[in-house]
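Analysis of the macromolecular model
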Amino acid sequence: MPRAKAAATPAAKRAPPGAGLAEKLAKLGIAREADLVLHMPLRYEDHTRLTPLRDVKVGETVQTEGVVADTDIAYRPRRQLVSRIEPAPGEDGQGREWRAQLTLRFFSFYPSQQKALQPGARVRVYGDVREGYFGPEIVHPQFRVVAPGAPLPDRLTPVYPTTAGLSQETLRSVIARAIAADASRTRDTLPEELVRRWRQWKFGDAVEFLHHPPPRLPAIAQKSLDARTHPAWTRLKFDELLAQQLSMKAHREARASRRAPVLTGTGALTSALLARLPFKLTRAQQRVVREIAHDLKRTTPMQRLLQGDVGSGKTVVAALAALQAVESGRQVAFMAPTEILAEQHYRKLAVWLEGSGVPIAWLSGSLPAKARREAREALASGAAPFAVGTHALFQEGVEMPKLGFVIVDEQHRFGVAQRLALRGKGLAEAHQLMMSATPIPRTLAMTFYADLDVSVLDEMPPGRTPVATRLVNQKRRAEIVAWVGKLASEGRQAYWVCPLIEESEKLELQTAVALHAELTAAYAGTGIAVGLIHGRLKPDEKAAAMQAFIEGRTGVLVATTVIEVGVDVPNASVMVIEHAERFGLAQLHQLRGRVGRGSTESTCVLLFEEPLTDTAKARLRVIYEHHDGFEIARQDLLIRGPGEFLGARQSGEPLLRFADLERDAPMIEQARDAADELLRRDPEAAKAHVERWLGGRQEFIKA
Ligand code: ADP
Ligand code: MG
């Protein structure tokens, strides 16, 4: 019931205001009383009118009033409280032959509710009416005991997102109080003239409207309110995006004012590496190497994103940049999202740097304690200039006193939350290079990644043979087994990727083991060795399995998706993916990118099982038709939307509360221009605006 003093719902009983309220509100992301103003309803209930009992219709949501005729506990089919209400004497057709009545049914209830519903009590009831055994009934209605003629609210009743133990009544009253208590909370942060020119509602009007909209809105207004396209919603979304833009700009400025070590380099190590490489850098690589080299010589910390399709050669670019830092007497940290990838980088760098006198420390979460300690000590003393590892590298106090440069490979795998963690580790002064094969959607580039500079590798190293993609029905799997066996006996190597089983890592593991056994049996006597690699292996077992494959001792490598990112074995020329319909496009593209790295013609077999969902069909068509990662990512976005790119799911925290990066994309540009203008015209207002929106949670938004 709206603005009710005494409410008889169970939730209200359980959550007396005050006790633990702050913690519960914190769960909703409400840190300060002022944040309550921005806690917006999910939907509304209309408690402004009473439907006479006789007009109550099945299928409608109504508020009605009556007098309790009887209330009993029934035991069949299960224990329940059943109450019947009728029109009050002298009202609503009382005395006619046909008497209206309504059943209230509670499958869980409190003694207090039973007591409140004693015969003769006048109750106001709200809920969805359904067809019951004895006529219309409402299951678990909201109700309260009222005096005759008790006034009705004149506004719709908001229903807020809430959390266990926090009742709507409590939330409504704390929010209403927070709004009323301090007029500055609903005052516009933006100058009136700009609000007018930007054609926005006033902030106070928007807030009042959204918390307490008037009843009986014209259909079109009601629709836009529900769809969150109403001008009141638009103002909130605009404000949110504006705050995000302002905070991003502030962040950029803060970076510009920080001092990073100037990494001039001497060229000694970099030219030695260039001389040693068995290939010549592509022009794109040369250009990007120059861009990064230039940034590293500046006193402002670099924050650059290197985008390049799978196989475009990002690693060597990173290595050259790293050596420039080492030449300048600084330490470098090179992070990868998985152990396998980190280890592979480590091995590759070790080969590239052989004889150069640059020791590399390898760090990973599951390294034996002793090796880990030694690696850490070498880093802490500054003796080792180069650290390669998973992000465990930065956990548990790994110290690198001369850290000057951080490289994050496969950045999109880390997500925004980890970007935040990195920033928090006192890396503010280090140059940062992030690498990703997945291009950033435009809306994200304009928002959460707006503070990054971007370099693009838009050219593939020469001599790559395009990968032929074949879509094959699982029914014909036996043919593929035979075909791969034939190729392997000719000395070619194949990856065989197990079906992705998202719900169960254990099941995925079992499948991998079973597949390994199956192929081993199938190839028995042919001399083809089948390897196995999955996430549960110990790091040294993984490394051994990988090494056997690299050296060609195993012909077929059965793998779970642990090999998805970055693994580089040029001799492997066949990729079989089981149940390809279960994989995402980015994953399929990454997996296919594991082959086609040498000079042999490569094939990627996508086994699929029917029936296929529409999305699966769409994905398979895209991967079949396209080879360019940027195009695939573009198609992927059309299918999925940008939200997932951010890893917002991993962190569990929504990036924006109200605005939707996809649907409200046009508003982003508007907000960006508005941010510029506001900063120019009224920096104080800009500050107040950011404080209102992000004061409680600025850290995350900045990430
Ligand atoms: P990614 O951009 O996907 O990380 P890698 O850095 O793993 O790609 O490079 C893929 C492969 O191409 C590696 O074997 C690498 O040594 C090789 N490579 C990189 N640059 C060149 C080049 N300019 N010419 C030939 N091969 C190259
Ligand atoms: Mg890579």
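Coordinates for the structure precede this section.
A quick note: this is a predicted structure, and the numbers were derived from the prediction, not measured. Sequence order sets the numbering: in each chain, residues are counted from 1 along the sequence as written. The order in which chains are written sets their letters, starting at A; the order in which ligands are written sets their numbers, starting at 1. Totals for whole chains, interfaces and linings use all residues, but because this is a predicted model, local features are given only for residues with pLDDT of at least 70 and pairs of side-chain atoms are given and counted only at 80 or more. Each side-chain value is worked out from all heavy atoms of the structure, with water and hydrogens disregarded.

One recurring pattern in soluble globular proteins: nonpolar side chains tend to sit buried together. In these notes, a set of buried Ala, Val, Leu, Ile, Met, Phe, Trp, Tyr and Cys residues joined through side-chain atoms within 4.5 Å is what counts as a nonpolar core. Burial classification: accessible surface area is computed with a 1.4 Å probe over protein chains only, and a residue below 20% of its type maximum counts as buried, one above 50% as exposed, and the rest as partly exposed. If you look at the biggest cluster of nonpolar residues, it comprises 73 residues, and the most contacted ones within it are L210, L236, L242, L379 and L678. No other element matches the 8 residues that helix α8 (residues 231–256) contributes to this core. Both domains that furnish three or more residues to this core are identified here as domain 1 (2–44 + 161–227) and domain 3 (268–457). Not counting the four nearest positions on each side in its chain, L236 is found in contact with L38, M40, A206, L210, F658 and W693. Counting from the N terminus, the helices are the DSSP runs of H or I reaching at least four residues and the strands are the DSSP runs of E reaching at least two. Segmentation into domains, and thus their bounds, comes from an automatic or database assignment. Pairs of residues are marked as contacts when any of their non-hydrogen atoms sit within 4.5 Å.

With that settled, consider the sheet that holds strand β9 (residues 303–308). At least two DSSP bridges between two strands are required for those strands to pair. Here 7 strands make up an open sheet; going across it, the order is β11-β12-β10-β13-β14-β9-β15 and the pairing parallel. Strand pairing shows two members of the sheet lacking a second neighbour, β11 (360–363) and β15 (453–457), which therefore form its edges. When strand polarity is set aside, the average angle formed by the axes of neighbouring strands in this sheet is 20 degrees. Of the strand pairs in this sheet, β9 and β15 are connected by 5 bridges, and their pairing is parallel. By the bridge assignment, L306 is partnered in β15 with S455. Across the face of the sheet, helix α10 (residues 283–296) comes into contact with β9, β13 (403–408), β14 (431–436) and β15 while running at roughly 155 degrees to β15. Axes here refer to lines fitted to C-alpha atoms; in helices the fit is confined to the stretch in contact. Angles between the N-to-C directions go from 0 to 180 degrees.

Taken N-terminus to C-terminus, the directions of helix α6 (residues 203–211) and α8 make an angle of 120 degrees; their axes are 8 Å apart at the nearest point. One way to sum up the angle between α6 and α8 is to call them oblique. Note that α6 runs across α8; the crossing there is left-handed. When α6 is examined against α8, the residues F203, A206, F209 and L210 are found in contact with a partner set consisting of A232, W233, R235, L236 and D239. As a working rule, the residues Ala, Val, Leu, Ile, Met, Phe, Trp, Tyr, Cys and Pro are called nonpolar, Asp, Glu, Lys and Arg charged, and the rest polar, with Gly in that last group. A per-class count over the contact of α6 with α8 returns 7 nonpolar, no polar and 2 charged. Any angle that falls under 35 degrees is termed roughly parallel, while one over 145 is termed roughly antiparallel, one within 65 to 115 roughly perpendicular, and all others oblique. By definition, turning the near helix anticlockwise from the far helix through less than a right angle yields a left-handed crossing, and turning it clockwise yields a right-handed one.

Right, let's talk about the sheet that holds strand β16 (residues 467–473) for a bit. With parallel pairing, 6 strands are arranged side by side in an open sheet as β16-β21-β20-β17-β19-β18. In this open sheet, the two strands that pair with only one neighbour each are β16 and β18 (530–533). This sheet shows a mean twist of 20 degrees between the axes of neighbouring strands, independent of strand direction. In the sheet, strand β20 (residues 572–577) pairs with strand β21 (residues 602–608) via 4 bridges, with the strands oriented parallel. If you follow V576 over to β21, its bridge partner there is V605.

Time to look at the site of ligand 1. Lining the immediate surroundings of ligand 1 are 17 residues, of which Q285, G311, T315, R464 and D568 lie closest. K280 is positioned such that a nitrogen or oxygen atom in its backbone is 2.8 Å from a nitrogen atom of ligand 1. Within the contact set of ligand 1, an oxygen atom lies 2.6 Å away from a backbone nitrogen or oxygen of G311. When isolated, ligand 1 has an accessible area of 570 Å², and the protein chains bury 90% of it. When the residues that make up the shell around ligand 1 are grouped by side-chain class, the tally is 4 nonpolar, 6 polar and 7 charged. We call a residue near a molecule or strand when any one of its heavy atoms sits within 4 Å of it. Here a polar contact is recorded for every N or O atom pair within 3.5 Å, except that within protein the pair must consist of a potential hydrogen donor and a potential acceptor, and residues adjacent in sequence are included only if both atoms are side-chain atoms. Only the protein chains shown count as cover for residues, and the accessible areas themselves come from Shrake-Rupley with a 1.4 Å probe.

Along β14, 6 of the 6 residues are buried, which leaves the element largely enclosed by surrounding structure. Covered by surrounding structure in β14 are H431, L433 and M435 together with Q432, M434 and S436, the residues of both alternating faces. Across 5 bridges, β9 lies against β14 in parallel orientation. Bridge assignment links L305 to a residue of β14, and that residue is M434.

Our next topic: the pairing of β13. Burial runs high along β13: 6 of the 6 residues are buried. The pairing of strand β10 (residues 331–335) with β13 spans 5 bridges and is parallel. Residue pairing across strands places V332 opposite F405, the latter belonging to β13. Bridge analysis of β13 against β14 gives 4 bridges, and the strand direction is parallel. What sits directly across from V406, in β14, is Q432.

With omega at -5 degrees, the peptide bond leading from R76 into P77 counts as cis. Its place among the elements puts P77 in the loop between β2 (61–74) and β3 (80–86). Look at the link from E610 to P611: it is a cis peptide, with omega at 0 degrees. With respect to the helices and strands, P611 occurs in the loop between β21 and α20 (614–625). Phi is positive for R199, close to 55 degrees, though the residue is something other than glycine. Checked against the element boundaries, R199 lands in the loop between α5 (192–197) and α6. R199 sits in the exposed class, given a relative accessible area of 76%. Of note, H579 is a non-glycine position whose phi angle comes to about 50 degrees, a positive value. Topologically, H579 is positioned in the loop between β20 and α19 (585–592).

This part is about the environment of G132. With respect to the element layout, G132 can be found in strand β5 (residues 122–132). On the basis of relative accessibility, which here comes to 14%, the residue G132 falls in the buried class. For the pair G132 and L102, spaced 30 residues apart in sequence, the C-alpha to C-alpha distance is 9.3 Å.

Further remarks concern the packing of aromatic side chains. Aromatic contacts are taken between Phe, Tyr and Trp rings whose centres are within 6.5 Å, Trp giving its six-membered ring; a plane angle under 30 degrees counts as stacked, one over 60 as edge-to-face, and the others as tilted. Summed over all chains, the structure comprises 8 aromatic pairs. Where F106 meets F143, the ring centres are 5.8 Å apart and the plane angle is 70 degrees; that geometry is what we call edge-to-face. A residue pair is termed long-range when its members are at least 10 positions apart, and F106 in strand β4 (residues 102–106) and F143 in strand β7 (residues 142–145) qualify at 37 residues. When its relative accessible area of 2% is taken as the criterion, F143 is described as buried. Judged by centre distance (5.0 Å) and plane angle (55 degrees), the ring pair of Y495 and F549 falls under tilted. Remark: F549 occurs in helix α18 (residues 539–550) and Y495 occurs in strand β17 (residues 493–497); sequence separation between them is 54 residues. In terms of burial, Y495 and F549 fall into one category: buried. Ring-pair connections join several aromatic residues into one group, and the members of that group are W233, F658 and W693.

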